[in-house]
Amino acid sequence: MAVSNSPFAPLRQLSNPRTNSFTGKPCLFLPRSPLKSFISNARRRNSGTTHIRVYSHINKAKVFSTTSSAIATDSPEAATVAEDRIPLENSVEEQEVILPTNESSEKLLRIRHTCAHVMAMAVQKLFPEAKVTIGPWIENGFYYDFDVEPLQDKDLKRIKKEMDRIISRNLPLVREEVSRDEAQKRITAINEPYKMEILESIKEDPITIYHIGNEWWDLCAGPHVESTGLLNKKAVELESVAGAYWRGDEKNPMLQRIYGTAWENEEQLKAYLHFKEEAKRRDHRRLGQDLDLFSIQDEAGGGLVFWHPKGAIVRHIIEDSWKRMHIEHGYDLLYTPHVAKADLWKISGHLDFYKENMYDQMNIEDELYQLRPMNCPYHILVYKRKLHSYRDFPIRVAELGTVYRYELSGSLHGLFRVRGFTQDDAHIFCLENQIKNEIRGVLDLTEEILLQFGFSKYEVNLSTRPEKAVGSDDIWQKATVALKDALDDKGWHYQIDEGGGAFYGPKIDLKIEDALGRKWQCSTVQVDFNLPERFDITYVDYNSEKKRPIMIHRAVLGSLERFFGVLIEHYAGDFPLWLSPIQARVLPVTDTQLEYCSKLMKRLKDNGIRAEACHGERLPKLIRNAEKQKIPLMAVVGPKEAETQTVTVRSRFGGELGTMTIDDFICRIKSAVDNRTSI
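### Looking at the overall build of the protein
Looking only at helices and strands, the protein features 18 helices and 32 strands. By residue count, 53% of the 679 residues in the protein fall in the buried class. Across the protein, contacts joining residues at least 24 apart in sequence account for 71% of those joining residues at least 6 apart. With the model as given, the accessible surface of the protein reaches about 31,600 Å², and the carbon-plus-sulfur share is 48%.

### A closer look at a nonpolar patch on the surface
On the surface, Val339, Met362 and Ile364 cluster together into a nonpolar patch covering about 210 Å² of accessible area. Here Met362 lies in strand β17 (residues 362-364).

### Focus: the packing of aromatic side chains
Here the structure, examined in full by the defined rule, presents 21 aromatic pairs. Taking the centre distance of 4.8 Å and the plane angle of 45° together, the rings of Phe416 and Trp520 count as tilted. Of the two residues, Phe416 is situated in the loop between β19 (395-404) and β20 (420-430) and Trp520 in strand β24 (residues 519-528); the sequence distance between them amounts to 104 residues. We note that Phe416, like Trp520, is buried.

### Regarding the sheet that holds strand β8 (residues 173-178)
With antiparallel pairing, three strands are arranged side by side in an open sheet as β8-β9-β10. Strand pairing shows two members of the sheet lacking a second neighbour, β8 and β10 (216-219), which therefore form its edges. With direction set aside, neighbouring strand axes in the sheet form an average angle of 25°. Where helix α3 (residues 180-190) meets the sheet, its contacts fall on β8, β9 (207-212) and β10, and the angle it forms with β8 comes to roughly 120°.

### Quick word on the environment of Asn265
By secondary structure assignment, the location of Asn265 is in the loop between β12 (254-262) and α5 (266-281). Residue contacts for Asn265: discarding those within four places in its chain leaves Asn232 and Ala235. A polar side-chain atom of Asn265 sits 2.9 Å from the main-chain amide nitrogen of Gln268.

### Digging into the sheet that holds strand β16 (residues 339-341)
The sheet built from three strands is open, its strands ordered β16-β18-β17 with antiparallel pairing. Looking along the sheet, the strands with just one partner apiece sit at the ends: β16 and β17. Neighbouring strand axes in the sheet, compared pairwise and without regard to direction, differ in orientation by 40° on average. With three bridges joining them, β16 and strand β18 (residues 367-371) adopt antiparallel strand pairing. From the neighbouring strand, Lys341 faces β18, where its bridge partner is Tyr369.

### Quick word on the pattern of salt bridges
What the rule picks out here adds up to 50 salt bridges. Measuring nitrogen to oxygen at the nearest pair gives 3.4 Å for the salt bridge that ties Glu328 to Arg324. Residue Glu328 and its partner Arg324 are located together in helix α7 (residues 309-328), separated by four residues, close to a single helical turn. A residue is classified by how much of its surface remains accessible, and Glu328, at 52% relative accessible area, is exposed. A relative accessible area of 39% places Arg324 in the partly exposed class. Lys519 serves as the salt-bridge partner of Glu513, at 3.5 Å between the closest nitrogen and oxygen. There is no split in this pair, since Glu513 and Lys519 are both buried. What emerges from the salt-bridge pattern is a single network uniting Asp574, Glu627, Arg650, Arg652 and Glu656.

### What about helix α14 (residues 560-571)?
The terminal C-alpha atoms of α14, which comprises 12 residues, lie 16 Å apart, in line with the 16 Å expected from a rise of 1.5 Å per residue. Among the 12 residues that make up α14, 11 are buried, leaving the element largely enclosed by the rest of the structure. Along α14, the residues classified as buried are Leu560, Glu561, Arg562, Phe563, Phe564, Gly565, Val566, Leu567, Ile568, Glu569 and His570. Following α14 by one or two positions, Ala572 has its phi on the positive side, about 55°.

### Considerations on the environment of Trp476
Within the secondary structure layout, Trp476 lies in helix α12 (residues 473-490). In the structure, Trp476 is positioned 12 residues away from Thr464 in sequence and 8.6 Å away in space, judged by C-alpha atoms. Discounting chain neighbours no more than four positions away, the residues touching Trp476 are Thr464, Arg465, Pro466, Ala469, Val470, Gly471, Ala502, Phe503, Tyr504, Gly505, Pro506 and Phe529. One polar contact links the side chain of Trp476 to the main-chain carbonyl oxygen of Val470, over a distance of 2.7 Å.

### Comments concerning the pairing of strand β21 (residues 457-463)
Among the seven residues in β21, seven count as buried, and that is most of the element. Bridge analysis of β21 against strand β23 (residues 507-513) gives six bridges, and the strand direction is antiparallel. Across the sheet, the residue bridging to Val460 is Leu510, located in β23. The parallel pair β21 and strand β22 (residues 495-497), bridged by α12, forms a crossover whose chirality is right-handed.

### Digging into the pairing of strand β7 (residues 141-147)
Most of β7 is tucked away, with six of its seven residues classed as buried. Strand direction decides the pairing type here: strand β5 (residues 131-132) and β7, joined by two bridges, are antiparallel. Within β7, the residue paired with Val132 across the bridge is Phe146. In the sheet, strand β6 (residues 137-138) pairs with β7 via two bridges, with the strands oriented antiparallel. Bridge pairing in β7 links Trp137 to Phe142.

### Quick notes on the side chain of His117
Within the secondary structure layout, His117 lies in helix α1 (residues 106-126). Accessibility expressed as a relative area gives 2% for His117, which makes it buried.

### What about helix α18 (residues 662-674)?
An ideal rise of 1.5 Å per residue puts 18 Å on 13 residues; α18 measures up with 18 Å between its terminal C-alpha atoms. Taken as a whole, α18 has its buried residues at Ile662, Phe665, Ile666, Ile669 and Ala672. Angularly, the buried residues of α18 cover 130° about the axis, an arc narrow enough to put them on a single face. Every exposed residue of α18 that faces more than 90 degrees away from the buried side is listed here: Asp663 and Asp674. If you follow the buried residues of α18, they end up packed against β28 (584-588), α15 (594-606), β30 (633-637), β31 (646-651) and β32 (655-661).

### Focus on the packing of helix α11 (residues 435-452) against α12
Their axes nearest at 8 Å, the elements α11 and α12 cross at an angle of 45°. Between α11 and α12, the angle is such that the two are oblique. As α11 packs across α12, the resulting crossing turns out to be right-handed. In this structure, α11 uses Ile435, Lys436, Ile439, Arg440, Leu443, Asp444 and Glu447 to contact α12, whose residues at the interface are Ala479, Ala482, Leu483, Asp485, Ala486, Leu487, Asp489 and Lys490. Counted by class, the contact of α11 with α12 contains eight nonpolar, no polar and seven charged residues.

Rules behind the numbers
Residues numbered from 1 in each chain as written. Predicted model: local features only at pLDDT ≥ 70, side-chain atom pairs only at ≥ 80, totals over all residues. Heavy atoms only, no water. Helix = DSSP H or I, 4+ residues; strand = E, 2+ residues; numbered from the N terminus. Buried < 20%, exposed > 50% of the residue type's maximum accessible area, 1.4 Å probe, protein only. Contact = heavy atoms within 4.5 Å. Areas by Shrake-Rupley, 256 points an atom, 1.4 Å probe, with all protein chains shown as cover. Patch = residues over 30% accessible without salt bridge, like charges linked within 9 Å, V, L, I, M, F, W, Y side chains within 5 Å. Salt bridge = Lys/Arg side-chain N within 4 Å of Asp/Glu carboxyl O. Phe/Tyr/Trp six-rings, centres within 6.5 Å; stacked < 30°, edge-to-face > 60°. Pairing = 2+ DSSP bridges. Axes fitted to C-alpha atoms, helices over the stretch in contact; angles between N-to-C directions. Polar contact = N/O pair within 3.5 Å; in protein donor to acceptor, adjacent residues only side chain to side chain. Expected span 1.5 Å × (residues − 1). Right-handed = clockwise from strand over helix to strand, strands pointing away. Arc of directions from axis to C-beta. Parallel < 35°, antiparallel > 145°, perpendicular 65-115°, else oblique. Left-handed = near helix turned anticlockwise from the far one by under 90°. Nonpolar A, V, L, I, M, F, W, Y, C, P; charged D, E, K, R; others polar.

Next comes the structure, spelled out in structure tokens:
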């Protein structure tokens, strides 16, 4: 079942935000829209169900508030337990629209599943030659795959009209149980080869079929609504058509996949479409091009990222901060090769279990080499370079290591799914009785790093031993308890995924929540009992006996590429001053101030401020261009400023700041950067 990174909740911070007098927090507002709806994304701590609330009203926009299952303990929101609803200004009678999820509403799940069937029926009425495959519900709706000639967006309108007719007829959905032989006869009679393949994969008898009236049926286990008339035509919309390989295998036929969304009522659909539009506005692929941050060049190949000067500056800031914080937390930094002998990947097991994600081997002087898909074996080789004593532990090593993994071209997606990326990888070698403290240290470092980028709300999951696993019951128990104790000590709420761990050890996964309320998988902490065994790594204990150390894998950001994409969408390209690639743009009123602008630029750069000068256009256009490029500060220089050696400052977030001396301007920028604030 396909799952997207939704739900969407469109929020942006205005250039001149207000501060709530009760909480001191900035108020977030929606961009203007016909609905004038306010959206907030509140997570119910006990049920784990996400609800998005939309308040439709007449006059004033309302403020944003949210809670989450885990909140950074150093953030202002740390004390929040119940939903923090900030008092509203001039609020009027409101209508609350709650967007449920498939998990929170079985009714919604049934609606979406039935919509998939109704859509398939409509497609086969309009395109009798179409062969049906599968049609599940997904996070925000449903889809169905068809073997049919390529469809166009205009075809979706015809299909939706036919769906509306089927819904209006109020046809019953009837469940039928048949024998496997009977199902085969019926499928053969209607010539549906994909259904025959699906039938062969069903192991349980009897076979269940769902009918829509007496006109159409499908292999299906349900559930569905009782009749098509229970679907709200105005709460259903077909969104797009795309290609998809049958069974996800590029060797199989290319199918036509139609995506749709369905909700319980029209208000929910309108809210969802509004969320979707805001997510489109924040799309990192568009902003990456508009702000000249990165590109993926066809001449070089798909999934390979080119960091442009502005994007590279942001990456440099992220990397410098990451390295500094790791050194402060007792990590040693490593740099290791991008290729290695194929034998190394045989020892690690990657050639046995991960080969489909690895690139072809290279023959160099009659030896086979391979681009690395992981950094772990390299760090183990560094560990093995010398004999270790129990007194050496814990040993912490970290690397920003670039890896290469094969991805189908159809699965590539901007910075989120690429073929070459840099992981913020680290490995800890420790004793059994050190696991808890080391995990707690990782959680503290994770929080410290994520907080500086504006992420304070997390979803945390602890995955335990699966049925098939390596390592003794005793060590699994100790490791799992250590992870639980570390999370409890941290005070983070978490959910347990029983049996969801890797075969080689339990793990903690952390998803960050962005400004739209979406969850992004970034941080992982994984105990590993497998690689130490495969590489036969040891240490000498206090009895002078050789023992096996515990190995912990961990990543905080995940990959720099993906994390940068998340950052772009989180801030909608409006990076905070300390992170912005260009912090100030100097704008002369006329060319007669260029000499003074050059002196001003030198002063700024000498003080470590990222600045640039633009001229050759009228001042209003220069200001508009700076706004479009989301430059935090504009330093306007006219005849008066040149004469008095001052500058008039305009802030993207604070509006007009007035005229000030160069020293004052520099001092305020440095203070804002040091304190991670704006001016």
